[in-house]
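Structure assessment
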Amino acid sequence: CAKKAKPHKDDKKDLATCRVLLAELETHQDAWPFLKPVDLKAVPGYRKVIKKPMDFSTIREKLNNSQQNNELFLCTFIIDVNLVFDNCERFNEDDSEIGRAGHNMRRFFDKRWTELLQ
Ligand SMILES: Cc1nnc(-c2cnn(C)c2N)n1CCCn1ccnc1
């Protein structure tokens, strides 16, 4: 993903763009399953099956703590967002409410990321 990122001179804009993109994800009508970490005590099997849980609130915290001069923040952001959707696909049937929400959100993200960051 580094090669797709704009040259490092745009780091400042890229961080602002990640924040805009994350806000769009959080306010999407299908975002509800992904807003907060999955409750590992309440969801049988989740802790065993999903090695790296991720959710939008955790991504927001990471983004708030990331240093602009650390060029990795853009790749970390893309990897974390995709982790949310990959975890969802692994744990949920495609033909389920949460499974469909995950596919819709991934399609939305791929479109917006391409428009804003490439
Ligand atoms: C994200 C995500 N992926 N799977 C789940 C989940 C939670 N319980 N069960 C049976 C699942 N398949 N989640 C979290 C969904 C969080 N949620 C559920 C209702 N409101 C939010």
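Residues numbered from 1 in each chain as written. Predicted model: local features only at pLDDT ≥ 70, side-chain atom pairs only at ≥ 80, totals over all residues. Heavy atoms only, no water.

**Digging into the overall build of the protein chain**
When helices and strands are counted, the protein chain shows five helices and zero strands. Each helix (α) and strand (β) of the protein chain, taken in turn from the N terminus, gives the series α-α-α-α-α. By principal-axis analysis of the C-alpha atoms, the protein chain measures approximately 45 × 25 × 25 Å. Taking all 118 residues of the protein chain together, 40% fall into the buried category. For the protein chain, the exposed surface amounts to about 7,200 Å²; the carbon and sulfur share of it is 55%. Computing the positive centroid from 21 side-chain charges and the negative centroid from 19, the protein chain places the two 4 Å apart. (Helix = DSSP H or I, 4+ residues; strand = E, 2+ residues; numbered from the N terminus. Buried < 20%, exposed > 50% of the residue type's maximum accessible area, 1.4 Å probe, protein only. Areas by Shrake-Rupley, 256 points an atom, 1.4 Å probe, with all protein chains shown as cover. Lys, Arg positive; Asp, Glu negative; His and termini not counted. Charge placed at Lys NZ, Arg CZ, Asp CG, Glu CD.)

**Re the confidence of the model for the protein chain**
In the predicted model, the protein chain carries a mean pLDDT of 91, and the fraction of residues at 70 or more is 91%. Within the protein chain, no element has a lower average pLDDT than helix 1 (residues 11-27), which sits at 92, and none a higher one than helix 2 (residues 46-49), at 98. For this predicted complex, the interface score ipTM comes out at 0.95, alongside a pTM of 0.92. (pLDDT = per-residue confidence, 0-100.)

**Regarding the site of the ligand**
In the neighbourhood of the ligand, the contacting residues comprise Trp-32, Pro-33, Phe-34, Val-38, Val-43, Phe-91, Asn-92 and Ile-98. One of the side-chain nitrogen or oxygen atoms of Asn-92 is found 2.9 Å away from a nitrogen atom of the ligand. Protein chains bury 59% of the 480 Å² of accessible surface belonging to the ligand in isolation. Tallied by class, residues from the shell around the ligand come to seven nonpolar, one polar and no charged. (Near = heavy atom within 4 Å. Polar contact = N/O pair within 3.5 Å; in protein donor to acceptor, adjacent residues only side chain to side chain. Nonpolar A, V, L, I, M, F, W, Y, C, P; charged D, E, K, R; others polar.)

**Structural notes on the pattern of salt bridges**
Between side chains of opposite charge, a pair can form when the charged atoms approach closely. As enumerated under the stated definition, the model contains eight salt bridges in all. In this structure, Arg-112 engages Glu-24 in a salt bridge whose closest nitrogen and oxygen atoms are separated by 2.7 Å. Placement of Arg-112 in helix 5 (residues 97-117) and of Glu-24 in helix 1 is noted, with a sequence separation of 88 residues between them. Between Asp-80 and Lys-62 there is a salt bridge; the shortest N-O distance is 2.7 Å. Here the residue Asp-80 occupies a position in helix 4 (residues 72-91), and Lys-62 occupies one in helix 3 (residues 56-65), the gap between them amounting to 18 residues. In this structure Asp-80 comes out as buried when scored by relative accessible area, which is 7%. Lys-62 sits in the partly exposed class, given a relative accessible area of 36%. (Salt bridge = Lys/Arg side-chain N within 4 Å of Asp/Glu carboxyl O.)

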